[in-house]
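Remarks on the overall topology
What follows is the residue order along each chain.
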Amino acid sequence: MTASLTTEPAWKKLAAHHNQIKDRHLRDLFAADPGRGEALSVEAEGIFLDYSKNRIDSETLSLLVELAETAGLKDRIEAMMTGQKINTTEQRAVLHTALRAPRDAKIEFDGQNVVPEVHAVLDKMTRFSDRLTSGEWTGHTGKRIRNIVNVGIGGSDLGPVMAYEALRHYSNRDLTFRFVSNVDGTDFAEATRDLDPAETLFIIASKTFTTQETMTNARTARAWLLEGLGADDSAVAKHFVALSTNAEEVAAFGIDTDNMFGFWDWVGGRYSMDSAIGLSTMLAISPERFREMLAGFHAMDVHFRSAPLARNLPVIMGLLNVWYVNFFGSQTVAVLPYDQYLKRFPAYLQQLTMESNGKSVTLAGDRVNYDTSPIFWGEPGTNGQHSFYQLIHQGTHLIPCDFIAFAKSLNPIGDHHDKLNANVFAQGEALAMGKTRQQVLDEGTSEALAPHRVFEGNRPSNTLLIEELTPAVLGKLVALYEHSVFTQGVIWQINPFDQWGVELGKVLAKRIVPELQSDDGELQHDSSTNGLIRRYRSLKA
């Protein structure tokens, strides 16, 4: 069977409306409505969203909101926020919003308020952070810890490394932070090459403590430490802590379970940066600032839950993605932060969006007959302008863009920041308005060269303008995209909270490892894989 979304009256209305508006140019839309920029913008929690440079009019937004209402978005939001098991393929609740709830909140799961547990872990993280940064916690030799190495993968790496880079301005510069995720030994070797084992703490982030890549790196870290210190296994407890729920495996590794920081089945990996997985973030920016980040997350949660759909930041952004993916056939979204500190933000969003909504089967188990998640990608401005913006401006692909800009620089130097933001506003204007053939000719360009210098325009974008990048603002931005992803998943009738597509390759890899390490046994893969394994063995020998 196939999903019935495209037979919904609201969907059919949007399809008819798309036929009416698809060829209208943004130049004409702005000319017809001098107040368009003000009408198609919304501000909440210090984030100003200008979405007027999208190929929509007021009717488009009304019809998209009608689609969201038909999908029961408000009810789905409540189901998520109140701990219902909306991750139906794994029979789990989805309560990452509880991770940032204030201490006096009440959020129940299976009849129990989970907020006290959340704050108990936060308090334990705080005590540990205070001990380490004050120098009370020392390594095996008595030296103070000066290096923190977070070992994880997926959500256990992308969130912490993104947050560290984003909030580096607020970080403790007396500590060095490194992040190891790739099972490629080069990642570990380069991360630890210049570190003193006596001054190094490893944070091993694995819920099950069985993740292949993470535990391979963890065992390598253990061997590196013991060899560097010339110590016995007792040294491990002074140089390793665990972010896990598997006390037995943690203890077997040599980590004191008093230094194990837990989380819950209702926290998905890509939604976990504000759980114990954020321990490295807390160590970097302090417990106080970590809680400011959590408060930012919570503020956006409240906005998402309470704001009318037509004035709701995550809902608007999510519905615009549906508009472009399903009615314009757009395949990608470029996220373009004009702040160097957010250089890892697009990479973080790749997992958040594509692991969540990269699905082809509905909650009911039916095959979809429409596209789901677009591909997210991007780089910080102005670097991207000198690489891929050519494609966005004059290529054959329609690529909606999210520009993220800040009014104040954390490092004000001369007129750098004005020039940076002039580029933000100029790029949005250029993409929308373009340059006509007549304008090109009026500039004195020859007839022969004119076609090459015409900018079609009509390329859509959002601009998010914020006062300053702070821990609270980072929390708001991440929650904004989390809830935008959820909005899209609800419309597409898919489950954004499982990730079965990650499994098959990992299972096959475990089978292939011993085949690469031995010439024994008959290979039983396809002819291509068999041939690659044999060639690898030969080259390795």
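Basis of the calculations
Residues numbered from 1 in each chain as written. Predicted model: local features only at pLDDT ≥ 70, side-chain atom pairs only at ≥ 80, totals over all residues. Heavy atoms only, no water. Domains from an automatic or database assignment. Contact = heavy atoms within 4.5 Å. Buried area = accessible area lost by both parts, 1.4 Å probe. Salt bridge = Lys/Arg side-chain N within 4 Å of Asp/Glu carboxyl O. Polar contact = N/O pair within 3.5 Å; in protein donor to acceptor, adjacent residues only side chain to side chain. Helix = DSSP H or I, 4+ residues; strand = E, 2+ residues; numbered from the N terminus. Nonpolar A, V, L, I, M, F, W, Y, C, P; charged D, E, K, R; others polar. Phe/Tyr/Trp six-rings, centres within 6.5 Å; stacked < 30°, edge-to-face > 60°. Buried < 20%, exposed > 50% of the residue type's maximum accessible area, 1.4 Å probe, protein only. Axes fitted to C-alpha atoms, helices over the stretch in contact; angles between N-to-C directions. Parallel < 35°, antiparallel > 145°, perpendicular 65-115°, else oblique. Pairing = 2+ DSSP bridges. UniProt positions renumbered as here; feature names shortened; annotations may be inferred. 1 Å grid on protein atoms, 1.4 Å probe; cavity = no way out; pocket = protein on both sides within 12 Å on 5 of 7 lines; lining within 4 Å. Core = buried A, V, L, I, M, F, W, Y, C linked by side-chain atoms within 4.5 Å. Points joined across faces, edges and corners; volume = space filled by probe spheres on them.

1. A few points about the domain arrangement of the chain
When its domains are assigned, the chain resolves into domain 1 (29-71 + 307-492), domain 2 (98-288) and domain 3 (503-540). Listed by partner, the interface residues are 22 residues for domain 1 and 17 residues for domain 2. The junction of domain 1 with domain 2 conceals about 1800 Å² of combined surface from both sides, 62% of it contributed by carbon and sulfur atoms. The interface formed by domain 1 and domain 2 contains three salt bridges. Viewed at the interface, domain 2 and domain 1 are joined by eight residue pairs in polar contact (both at pLDDT 80 or more). Put simply, the parts of the chain that give the side of domain 1 that touches domain 2 at least two residues each are helix 15 (345-357) and helix 20 (471-492). When the residues that make up the side of domain 1 that touches domain 2 are grouped by side-chain class, the tally is 13 nonpolar, five polar and four charged.

2. Considerations on the packing of aromatic side chains
Under the counting rule described, the total for this entry stands at 23 aromatic pairs. Arranged with centres 6.0 Å apart and planes meeting at 45 degrees, the rings of Trp11 and Tyr370 form a pair that is tilted. Here Tyr370 lies in the loop between helix 15 and strand 11 (375-377) and Trp11 lies in helix 1 (residues 9-21), a separation of 359 residues in the sequence. Judged by its relative accessible area of 8%, Trp11 is buried. Pairing Trp323 with Phe327 gives two aromatic rings, centres 5.5 Å apart and planes at 40 degrees, and the pair type is tilted.

3. Digging into the pattern of salt bridges
Under the defined criterion, the tally for this structure stands at 25 salt bridges. Asp274 is paired through a salt bridge with Arg100; the nearest N and O atoms lie 2.7 Å apart. On the criterion of sequence distance, the pair formed by Asp274 in the loop between strand 9 (260-261) and helix 12 (279-285) and Arg100 in the loop between helix 5 (73-81) and strand 3 (108-109) is long-range, its members being 174 residues apart. Each member of the pair, Asp274 together with Arg100, is buried. One salt bridge connects Glu108 with Lys106, and the closest N-O pair in it is separated by 3.5 Å. Residue classification places Glu108 among the partly exposed positions, given a relative accessible area of 35%. What makes Lys106 exposed here is its relative accessible area of 62%. A cluster of three or more residues bridged by salt bridges with shared partners is formed by Arg100, Asp274, Asp301 and Glu482.

4. Quick word on the packing of helix 13 (residues 287-306) against helix 14 (residues 313-327)
In contact at an axis separation of 7 Å, helix 13 and helix 14 are set at 70 degrees when each is read in the N-to-C sense. When the axes of helix 13 and helix 14 are compared, the pair comes out roughly perpendicular. Residues Met300, His303 and Phe304 of helix 13 form the contact with helix 14, whose participating residues are Leu313, Pro314 and Val315. Class assignment for the residues of the contact of helix 13 with helix 14 results in five nonpolar, one polar and no charged.

5. Some thoughts on the sheet that holds strand 10 (residues 332-337)
Strand order in the open sheet made by the six strands is 1-2-13-12-10-11, with mixed pairing throughout. What marks the edges here is a single partner per strand, and that holds for strand 1 (41-44) and strand 11. The average undirected angle you get between the axes of adjacent strands in this sheet is 15 degrees. Relative to strand 13 (residues 461-466), strand 2 (residues 47-50) runs antiparallel, the two being bridged by four bridges.

6. Things to note about the pairing of strand 7 (residues 200-205)
Across the six residues that make up strand 7, a large majority, six, are buried. Covered by surrounding structure in strand 7 are Thr200, Phe202 and Ile204 together with Leu201, Ile203 and Ala205, the residues of both alternating faces. With five bridges connecting them, strand 5 (residues 147-151) and strand 7 associate as parallel partners. Counted as the bridge partner of Asn150 is Ile203 from strand 7. Two strands pair when backbone bridges link them, and strand 7 and strand 8 (residues 240-243) are joined in this way by four bridges, in the parallel orientation. The residue of strand 8 that forms the bridge with Phe202 is Phe240.

7. Some details on the UniProt feature "active site" (unreviewed entry) in the chain
When the UniProt feature table is mapped onto this chain, "active site" (unreviewed entry) is found at Glu355, His386 and Lys506. Look at the named residues: they lie 152 residues apart in sequence, and the longest C-alpha span between them is 36.9 Å, so in the fold they stay spread out. Annotated residues from the preceding list that form part of the lining of the largest pocket: these are Glu355 and Lys506. You can see Glu355 is positioned in helix 15. Beyond its immediate chain neighbours, meaning those up to four positions away, Glu355 contacts Arg270, Gln350, Asp498, Gln499 and Val502. Engagement of the side chain of Glu355 in a polar contact is seen with the side chain of Arg270, the distance being 3.0 Å.

8. A look at the nonpolar core
Here is a general trend for soluble globular proteins: nonpolar side chains tend to be buried in one another's company. With 123 residues, the main nonpolar core has Trp266, Phe345, Ile404, Leu477 and Tyr481 as its most contacted residues. In terms of residue count, helix 20 provides more of this core than any other element does, twelve residues in total. Core analysis: the next-biggest nonpolar cluster, separate from the first, contains 25 residues, Phe188, Leu226, Leu229 and Ile255 among them.

9. Observations regarding the layout of surface pockets
A volume near 1000 Å³ is recorded for the largest pocket. Listed by contribution, the elements that provide at least two residues to the lining of the largest pocket are helix 7 (155-166), helix 9 (212-229), helix 15 and helix 21 (503-517). Ranked by residue count, the leading element in the lining of the largest pocket is helix 21, at four residues. Of the residues belonging to the lining of the largest pocket, the class tally is twelve nonpolar, 16 polar and ten charged. Each of domain 2 (98-288) and domain 3 (503-540) accounts for three or more of the residues forming the lining of the largest pocket. Around the second largest pocket sit 14 residues that line it, and Asp339, Gln340, Ser409, His417 and Leu420 are the ones nearest its centre. Across the lining of the second largest pocket, the residue classes break down as five nonpolar, eight polar and one charged.

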